[in-house]
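# Commentary on secondary and tertiary structure
Here are the chains, one letter per residue:
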Amino acid sequence: MRAVWYEENGDASVLQVGEMPDPEPGPGEVRVRVVTSGVNPSDWKRRQNAGPGTAFPRVIPNQDGAGVIDQVGEGVPESRIGERVWLYQSQFGRPFGTAADYTAQPSNRAVPLPDNVDFALAAGLGVPALTAHRCVFADGPVAGKTVLVPGGAGAVGNMALQMARIGGAANIISTVSGDAKAEIARQAGAHHTVNYRTEDTAARILELTGGEGVDLIVEVDYSGNFAVSQRIIKRSGAITIYAAGDGPAPPFQFPVSNVNVRHVLVYDMPEDAKTVGVDDTNRWLASGELVGMDGPHFPLEDTAGAREAVRAATVGKVVIDVSGG
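Throughout this document, residue positions are counted from 1 along each chain, in the order its sequence is written. A pLDDT threshold of at least 70 governs which residues receive local features in this predicted model, and a stricter bar of 80 or more applies before side-chain atom pairs are shown or counted, although totals over entire chains, interfaces and linings include all residues. Water and hydrogen atoms were dropped before computing side-chain values, which therefore reflect all heavy atoms in the structure.

### What about the overall build of the chain?
Counting its secondary structure elements, the chain contains 9 helices and 15 strands. Computed over C-alpha atoms, the radius of gyration of the chain comes to 20 Å, within 12% of the 20 Å expected from 2.2 N^0.38 for 325 residues, which places it in the range of a compact globule. Across its three principal axes, the chain shows a C-alpha extent of roughly 60 × 40 × 35 Å. By the burial criterion, 54% of the 325 residues in the chain qualify as buried. Taking all contacts inside the chain whose residues are at least 6 apart in sequence as the whole, residues at least 24 apart take part in 67%. Residues scored as positive are Lys and Arg, those scored as negative are Asp and Glu, and His as well as the terminal groups of each chain are ignored. Just so you know, the charge point we use is NZ for Lys, CZ for Arg, CG for Asp and CD for Glu. Between the centroid of the 27 positive side chains of the chain and the centroid of its 38 negative side chains there is a distance of 5 Å. Helix and strand definitions here come from DSSP, where helices need a minimum of 4 consecutive H or I residues and strands a minimum of 2 consecutive E residues; each element is numbered from the N-terminal end. All radius of gyration figures rest on C-alpha atoms, and the globule criterion is 2.2 Å times the number of residues raised to 0.38. In this scheme, a residue with accessible area under 20% of its type's maximum is buried, one over 50% is exposed, and one in between is partly exposed, where area comes from a 1.4 Å probe on protein chains only. Should any heavy atoms of two residues lie within 4.5 Å, those residues are counted as being in contact.

Now the structure itself:
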């Protein structure tokens, strides 16, 4: 099979493209013919890690993807052969992810894909959807609440806006850097957008909430946005952080009491939280309530280019087209 791999950490130049043996599914596993592979920031960060080396002698990257099951291992019903599926956490604790023609994965990580969902959207579900689900719902229902999602035009932020809308949030606000991103955020469910480059962000959010502030912040840059968060979070509010930013860690000090600050990392979320996130995601996909973000597509041979696009914060979900559907 064609595959992309690396054998040492470093920049995109360590990626190699070539042929590898087709994998065989082990007990409890399925083999998936990969149609699309999704690229997330954690993928290039893991590869670039300046540590002593990779966790495995050879790594096929990318956690997310979608395709068709063509083989099953012992203990998996043969009826699964031919299923369209989306994959998540394909390279977590394992050497081989989705940047290849085939991947063998635990059966429960290959989720049946609703008929109305195409492979391009499916490649962008795993990390963004499960992260967003945990951030939005980890501290309980959001019905009737005010939710702030900084960076609503990003992959996780966009999913979080949609899920807050589906969950019945009464007032959904997103901070953005321009008009084009504001429109993306509004289409996803934001009732209001705030341009953090041209407006006093905290003052505008307080104005939009009648001075009350927000119940939940789904945070993409905790260090960079902390000065705003301090001013707008309600008493007994929650901040769920999926990206801390590059600045120094701010103190956990707020002018109100009982603020819950939760760090969310999708890979080691509790398994029951993953299960609920997968089930909700599939139900909302099937009903058409949850949709994906269009973004640039790359061929498998240009996986390096796809990763650099993600690193450059390209708008939209970056997808690698591995094979025809």
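That shown, we press on.
### As for helix α1 (residues 41–48)
Those residues of α1 that fall on the buried side of the exposure criterion are Asp43, Trp44 and Arg47. Projection of α1 onto a plane perpendicular to its axis shows the buried side chains occupying an angular sector of 90°, all on one side. In this fold, the buried residues of α1 make contact with β3 (29–38) and α9 (303–311). Directions drawn from the helix axis to the C-beta atoms are what define this arc.

### Focus on the environment of tyrosine 6
Among the structural elements, tyrosine 6 can be located in the loop between β1 (2–5) and β2 (16–19). For tyrosine 6, a relative accessible area of 2% corresponds to the buried category.

### Some thoughts on the sheet that holds strand β13 (residues 260–263)
Any two strands are treated as partners once DSSP identifies two or more bridges connecting them. Within the open sheet, the 6 strands sit side by side as β10-β9-β8-β11-β12-β13. Their pairing is parallel. One side of each edge strand has no neighbouring strand; the edge strands of this open sheet are β10 (192–195) and β13. With strand direction ignored, the average angle separating the axes of adjacent strands in the sheet is 15°. The angle between two axes is taken between their N-to-C directions and runs from 0 to 180 degrees, where each axis is a line fitted to C-alpha atoms and a helix contributes only its stretch in contact. Here helix α5 (residues 179–188) sits on the sheet and contacts β9 (171–176) and β10; the angle it forms with β9, its principal contact strand, is near 155°. Strand contacts of helix α7 (residues 222–232): β8 (146–150), β11 (214–219), β12 (233–241) and β13, with the helix running at about 165° to β12, the strand carrying the most contacts.

### Considering the packing of aromatic side chains
In this analysis, rings of Phe, Tyr and Trp, with Trp reduced to its six-membered ring, are considered paired at centre separations within 6.5 Å, and the interplanar angle assigns stacked below 30 degrees, edge-to-face beyond 60, and tilted for intermediate values. With the rule as written, the count across this model stands at 5 aromatic pairs. Relative to tryptophan 284, the ring of phenylalanine 137 lies with its centre 6.1 Å away and its plane at 45°, an arrangement referred to as tilted. Here the residue phenylalanine 137 occupies a position in helix α3 (residues 126–137), and tryptophan 284 occupies one in helix α8 (residues 271–287), the gap between them amounting to 147 residues. For the residue pair phenylalanine 137 and tryptophan 284, the accessibility class agrees, reading buried in each case. Look at phenylalanine 226 and phenylalanine 254: their rings are 5.5 Å apart centre to centre, the planes differ by 65°, and that puts the pair in the edge-to-face class. Of this pair, phenylalanine 226 sits in helix α7 while phenylalanine 254 sits in the loop between β12 and β13, and the two are 28 residues apart along the sequence. The exposure class of phenylalanine 254 is buried, given its relative accessible area of 18%. Members of the aromatic cluster, connected to one another through ring pairs, are Tyr222, Phe226 and Phe254. Positioned over the ring face of tryptophan 5 is arginine 58, at 4.1 Å from the centre of the ring. Charge over a ring is defined by NZ of Lys or CZ of Arg lying within 6 Å of the ring centre and within 35 degrees of the ring normal.

### Section: the side chain of threonine 146
Residue position: threonine 146 is located in strand β8. Given the relative accessible area of 10%, threonine 146 is considered buried. When near neighbours in sequence (up to four residues on either side) are disregarded, threonine 146 contacts Asn171, Ile173, Thr209, Gly213, Val214, Asp215 and Leu216.

### Examining the environment of glycine 189
Structurally, glycine 189 can be placed in the loop between α5 and β10. On a C-alpha basis, the gap between glycine 189 and alanine 164 in space is 7.7 Å, while along the polypeptide they are 25 residues apart. When near neighbours in sequence (up to four residues on either side) are disregarded, glycine 189 contacts Leu161, Arg165 and Ile172.

### Let's talk about helix α6 (residues 201–208)
Thr201, Ala202, Ile205 and Leu208 are the residues of α6 that are buried. Each buried residue of α6 sits inside an arc of 125° when the element is viewed along its axis, so together they form one side. In this fold, the buried residues of α6 make contact with β8, β9, β10, β11 and α7. Of the residues trailing α6, glycine 210 is marked for its positive phi of about 60°.

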